[in-house]
Amino acid sequence: MTRLAAIIVALAAMAMAGCAGREKNREVDRDLNAAESLMESQPDSALRMLQRIDTLATLSGERRARHALLLSQAYHKNYIDLTDDSLISIAVNYYEQTNNAHYKMMSYQYLGAIYLNAGQYGSALHAVLNAHDIALDLADTVNIVRAESLLGRIYVMTYDYATGLRWDSLALAKAKQMNNPAWLKVGYENIAAEHMSMGQYDDALLYADSAIAISEVPSSSILDIKFRAYFGLKMDYKADSILTIMNEMGCAPSEMMNVALSYWEKPTQEETVKHLNQAIEEQNQFITDIFKGNLSAALNQYHDNKSRRQKEEIKWKTTLITTISIVGVLVIAILVLSFVLFRMRVKEQRSQSDKAFEVLSDDYRRAKREVESEHQAKLKMQQNIEQLSQQAADAQRSCEEMRLKVSASYMRRFVWVDKLVKLYADAGSAGDQSAKQLYKTVSIELHKLKSDGFIAEAIAVCNREHPELWNEILGLGLKIQDREMLLLMISGISPSVIALLYDKSPAAIYSKKQRLKAKLQELNTTFSQFLASEI
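Summarised in this report is the structure supplied together with it. (Residues numbered from 1 in each chain as written. Predicted model: local features only at pLDDT ≥ 70, side-chain atom pairs only at ≥ 80, totals over all residues. Heavy atoms only, no water.)

Bringing the overall build of the chain into the picture now. Summing up its helical and strand segments, the chain has 24 helices and zero strands in all. Expressed as a percentage of contacts within the chain between residues at least 6 apart in sequence, the contacts between residues at least 24 apart total 62%. A total accessible area of about 30,900 Å² is found for the chain, and carbon and sulfur atoms account for 56% of it. (Helix = DSSP H or I, 4+ residues; strand = E, 2+ residues; numbered from the N terminus. Contact = heavy atoms within 4.5 Å. Areas by Shrake-Rupley, 256 points an atom, 1.4 Å probe, with all protein chains shown as cover.)

Given 3.6 residues to a turn, an α-helix orients residues that are three or four positions apart in the same direction. The terminal C-alpha atoms of helix H8 (residues 141–157), which comprises 17 residues, lie 24 Å apart, in line with the 24 Å expected from a rise of 1.5 Å per residue. Counting buried positions along H8 gives twelve out of 17 residues, so the element sits mostly inside the fold. Three or more residues of H8 are buried, namely Asn143, Ile144, Val145, Arg146, Ala147, Glu148, Leu150, Leu151, Gly152, Ile154, Tyr155 and Val156. Residue tyrosine 159 follows H8 closely and has a positive phi angle near 65 degrees. (Expected span 1.5 Å × (residues − 1). Buried < 20%, exposed > 50% of the residue type's maximum accessible area, 1.4 Å probe, protein only.)

What follows covers helix H22 (residues 495–502). If you check which residues of H22 are buried, you get Val497, Ile498, Ala499, Leu501 and Tyr502. Phi turns positive, to about 55 degrees, at aspartate 503, one or two residues after H22.

Before going further, it helps to examine empty space enclosed by the protein. Taken as a whole and assessed by the stated rule, the structure comprises one cavity of 30 Å³ or more. Its boundaries defined by the atoms lining it, the largest cavity holds a volume of some 50 Å³. Lining the largest cavity are Ser72, His76, Ile80, Leu82, Tyr110, Ala113, Ile114 and Asn117. Elements that contribute at least two residues to the lining of the largest cavity include exactly helix H4 (61–77) and helix H6 (101–118). With four residues, the top contributor of residues to the lining of the largest cavity is H6. In terms of residue class, the lining of the largest cavity is made up of five nonpolar, three polar and no charged. (1 Å grid on protein atoms, 1.4 Å probe; cavity = no way out; pocket = protein on both sides within 12 Å on 5 of 7 lines; lining within 4 Å. Points joined across faces, edges and corners; volume = space filled by probe spheres on them. Nonpolar A, V, L, I, M, F, W, Y, C, P; charged D, E, K, R; others polar.)

Before going further, it helps to examine the side chain of aspartate 140. Inspection of the secondary structure assignment puts aspartate 140 in the loop between helix H7 (121–138) and H8. For the buried aspartate 140, no salt bridge exists, and the shortest N-O distance to an oppositely charged side chain is 7.0 Å, to arginine 146. (Lys, Arg positive; Asp, Glu negative; His and termini not counted. Salt bridge = Lys/Arg side-chain N within 4 Å of Asp/Glu carboxyl O.)

In the contact formed by helix H19 (residues 454–465) and helix H20 (residues 467–474), the axes pass within 5 Å of each other and the chain directions differ by 115 degrees. Contact residues: H19 offers Ile459, Cys462, Asn463, Arg464 and Glu465, while H20 offers Pro467, Leu469 and Trp470. Partitioned by chemical class, the residues of the contact of H19 with H20 number five nonpolar, one polar and two charged. (Axes fitted to C-alpha atoms, helices over the stretch in contact; angles between N-to-C directions.)

So, in structure tokens, the structure goes:
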């Protein structure tokens, strides 16, 4: 009894622990969602919220990876520059194994930012290029701009200002499309600094002025660029005005600005500035050469990894296409087999009704011979028309007469259908067993007549054997259903049969017939008047 009680208590404790764990997970999910929603507008609040979460005690798997990503993002947005990748690596290692492209992109982006802070420029370049590729695939303009801006910073930090300028120009172009003032200001300042570093003073002033134009208060860094640009252009009075503005704003001059001020108005200013710029360029080139090998290795690794991923994707797609093809072939084989079995069953059912249909077949063959005979007569008439082609008026009248006779012959083509319907109606009203069997058999044939496309077949026969008649009907400009009903009516098909073919009542077909007749009479041509008299 004591052992049983202990087991019950243990199970109850496990159940309570499971419930508490699920509630704790739901609370963490709510905090993570809230922090992510505040990240752009209130990054300080998001950081405090994320720091309150006890990661060691409560988080694992996707929650732990998402927390690591959001916390790294919050540090970055609060200008706390991390140099240790241990936190963001949790997110990178997790999302590399999932299909969540957005979080994978963000993980690479902040991994690159941390490597940039640590001065590991090759690793930073590799990570940010991966983020940029994913952002392009997702058409995520916001993160494309962020990645391109980071790439610009990486190259600037390695003193490759030309490449940095190229990436910052791409980011600025997209920021203009998004009309984001904050991003535009940063983009203008970055590009102004890059032009300044390359000694392109006019361009530096142009972008510096653009940054100032969209700023409430110009920053000390952009005023510093303007001062040094005016100094480089020997526009001392303008440089002096910038210095006055900076003094009034309480902005301390930068190291480069102090160097320029030390040569202010000295007799050797021009020569000194020249040597100073040359020394700076040589120093920048030396540092660029040092980093170039590191960045080249990172670029080669990035391209190798990208090539490998593309090959794996092609291999996966090839396997998928092969699998789909095999499945498709199997499905087609099953459908063909099912169709063959269905046809065999239909053939067996038809063989049972062939005997009852032989009488009707005789009438059909007789009618067919009559039509063939009339067709020969039509051919002979056509030869006569060709011989009389020089007499246009007589040929026209002969042609008209011929068409009327052909129409009359075509009317008798499907007389057997009405006979079939009459047989169907008589058998349905009779009471003996043989009549019921006949009624059933004929009913099957009539429904086959509908399902086998009798209307389409009638049109095809007319178009094939009497093209001139069909062309005359087409020339009347009637709607599709009106043309079909007209063809059936002049073929001698009764309203009851037409009603059966269109699933309508005989009264509806009679009403349609009257409207069609009125249309033909309104056309007021010899052919239309003839057809109106025949339906």
